[in-house]
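Next come the chains, spelled out residue by residue.
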Amino acid sequence: MTDPFVLVLYYSRHGATRTLARHIARGVEEAGIAARLRTVPPVSTTCEAIDPAVPDDGAPYVSEADLSQCCGLALGSPTRFGNMAAPMKYFIDGTSSLWVSGALIDKPACVFSSSASLHGGQETTLLSMMLPLLHHGCVIAGLPYSEQGLHTTSKGGTPYGATHVSGRDGEHPVDKIELELCHAQGRRLGELALRLRRER
Ligand SMILES: Cc1cc2nc3c(=O)[nH]c(=O)nc-3n(C[C@H](O)[C@H](O)[C@H](O)COP(=O)(O)O)c2cc1C
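All residue numbers here refer to positions counted from 1 along the written sequence of the relevant chain. Given that this is a predicted model, residues contribute local features only at a pLDDT of at least 70 and side-chain atom pairs are listed and counted only at 80 or more, while totals for whole chains, interfaces and linings are drawn from all residues. With hydrogens and water excluded, all non-hydrogen atoms of the structure serve as input to the side-chain values.

Enquirer: Looking at this structure, how should I read the nonpolar core?
Expert: Across soluble globular proteins, nonpolar side chains have a tendency to be buried as a group. One finds L7, L9, L75 and M88 to be the most contacted residues of the largest nonpolar core, which totals 25 residues. Counting from the N terminus, the helices are the DSSP runs of H or I reaching at least four residues and the strands are the DSSP runs of E reaching at least two. Those elements that provide at least two residues to this core are β1 (5–10), β3 (72–80), α3 (86–93), β5 (108–115) and α5 (122–135). The element best represented in this core is α5, accounting for four residues. In contact with L75, not counting residues within four places along its chain, are L9, M88, I92, C110, V111, F112, M129 and L133. Side-chain atoms within 4.5 Å are what join buried Ala, Val, Leu, Ile, Met, Phe, Trp, Tyr and Cys residues into a set we call a nonpolar core. In this scheme, a residue with accessible area under 20% of its type's maximum is buried, one over 50% is exposed, and one in between is partly exposed, where area comes from a 1.4 Å probe on protein chains only. Here, residues are in contact when the closest pair of their heavy atoms is within 4.5 Å.

Enquirer: I tried to follow the environment of H14 on my own but got confused; where do I start?
Expert: One can find H14 in the loop between β1 and α1 (16–30). In this structure, the C-alpha to C-alpha distance between H14 and D169, residues 155 residues apart in sequence, is 9.6 Å.

Enquirer: Can you walk me through the site of the ligand in this structure?
Expert: To be near a molecule or strand, a residue needs just one of its heavy atoms within 4 Å of it. As a structural note, the neighbourhood of the ligand is formed by 17 residues, with S12, T17, T79, S114 and G120 the closest of them. Here a polar contact is recorded for every N or O atom pair within 3.5 Å, except that within protein the pair must consist of a potential hydrogen donor and a potential acceptor, and residues adjacent in sequence are included only if both atoms are side-chain atoms. Between an oxygen atom of the ligand and a side-chain N or O atom of S166, the distance comes to 2.8 Å. Those elements giving two or more residues to the shell around the ligand turn out to be α1, β3 and β5. For the shell around the ligand, the element with the highest residue contribution is β3, accounting for three residues.

Enquirer: Any chance you could explain the packing of aromatic side chains here in plain terms?
Expert: Geometry of an aromatic ring pair is reported as the spacing of the ring centres plus the angle between the planes. In this analysis, rings of Phe, Tyr and Trp, with Trp reduced to its six-membered ring, are considered paired at centre separations within 6.5 Å, and the interplanar angle assigns stacked below 30 degrees, edge-to-face beyond 60, and tilted for intermediate values. Throughout the structure, instances matching the rule amount to zero aromatic pairs. As a reminder, the over-ring test applies to NZ of lysine and CZ of arginine, requiring each to be within 6 Å of the ring centre and within 35 degrees of the ring normal. We note R36 situated over the ring of F5; from NZ or CZ to the ring centre the distance is 3.8 Å.

Enquirer: Quick question: what am I supposed to make of the pairing of β1 here?
Expert: If a strand is regular, its side chains alternate between the two faces of the sheet. Within β1, six of the six residues are buried, leaving the element largely enclosed by the surrounding structure. Taking every second residue as pointing to the same face, both faces of β1 are buried, with F5, L7 and L9 on one and V6, V8 and Y10 on the other. Here, a strand pair is defined by DSSP locating no fewer than two bridges between the strands. Relative to strand β2 (residues 34–39), β1 runs parallel, the two being bridged by six bridges. Following the sheet pairing, L7 is matched in β2 by R36. If you view a crossover with the strands going away from you and the path from the first strand over the helix to the second runs clockwise, you call it right-handed. The parallel pair β1 and β2 is bridged by α1, and the resulting crossover is right-handed. The sheet contact formed by β1 and β3 spans five bridges and is parallel. Bridge pairing in β3 links Y10 to G76.

Enquirer: Please clarify how the pattern of salt bridges should be interpreted in this entry.
Expert: Opposite charge on two side chains permits pairing when their charged atoms draw close. The term salt bridge refers to a side-chain nitrogen of Lys or Arg lying within 4 Å of a carboxyl oxygen of Asp or Glu. Scanning the model with the defined rule gives five salt bridges in all. Where D66 meets R38, a salt bridge forms, and the shortest distance between an N and an O atom there is 3.2 Å. In this pair, D66 is assigned in helix α2 (residues 64–69) and R38 in strand β2, connecting sequence segments 28 residues apart. On the basis of relative accessible area, R38 is assigned to the buried category, the value being 19%. A salt bridge links K176 to E180, with the nearest nitrogen and oxygen atoms 3.0 Å apart. Of this pair, K176 and E180 both sit in helix α7 (residues 176–199), separated by four residues, roughly a single helical turn. Accessibility expressed as a relative area gives 63% for K176, which makes it exposed. On the basis of relative accessibility, which here comes to 38%, the residue E180 falls in the partly exposed class. Ionic contacts of the salt-bridge type, sharing partners, join the residues R36, R38 and D66 into one network.

This is how it looks when you write it as structure tokens:
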């Protein structure tokens, strides 16, 4: 029997979404439950592309067991044309057996994203990631407006999930409010994971 954990699963090409993932994981652990950081391999239009067995840097690749055993799930992707990035979508499209077994039913889940520009489609990206989670039976948790940062942010941070505005060339570091909202989202997910686990 594995110890309870929340899976923080992300794809990141340039590192911004990975930074958000690490802060969400910190928030999860503040709630008193372990966070497991995992990523998905890139995809290529050329069939010859072969990924290293272990990523060169960042989190290990996710396994089916990570998903079936987790008590909660945070899913993160850069915004790509207002949608989640193809590697995340490709990975999710391969999770039919988990859907058949109902492995994610009643598990809390949240979503997060990074985009270059403020109005470049963060919220649609977050919504796009919620759809497969709903099909899997997850209980979606956003960010409530009791988080003061949601009222004051002039960059990332939405009620649909934590976000970051990276700038066109990734020149903006994740700012204080964006970080606080990542922690808050992680904490909330961790607390919900513990509470729902007790109910199951
Ligand atoms: C193919 C592609 C499409 C993108 N589409 C958008 C977009 O619709 N809106 C936006 O604001 N940024 C867009 N971006 C920029 C990324 O969302 C942004 O650089 C993000 O911070 C990258 O996250 P990462 O550092 O985790 O890879 C796009 C980038 C790529 C490569």
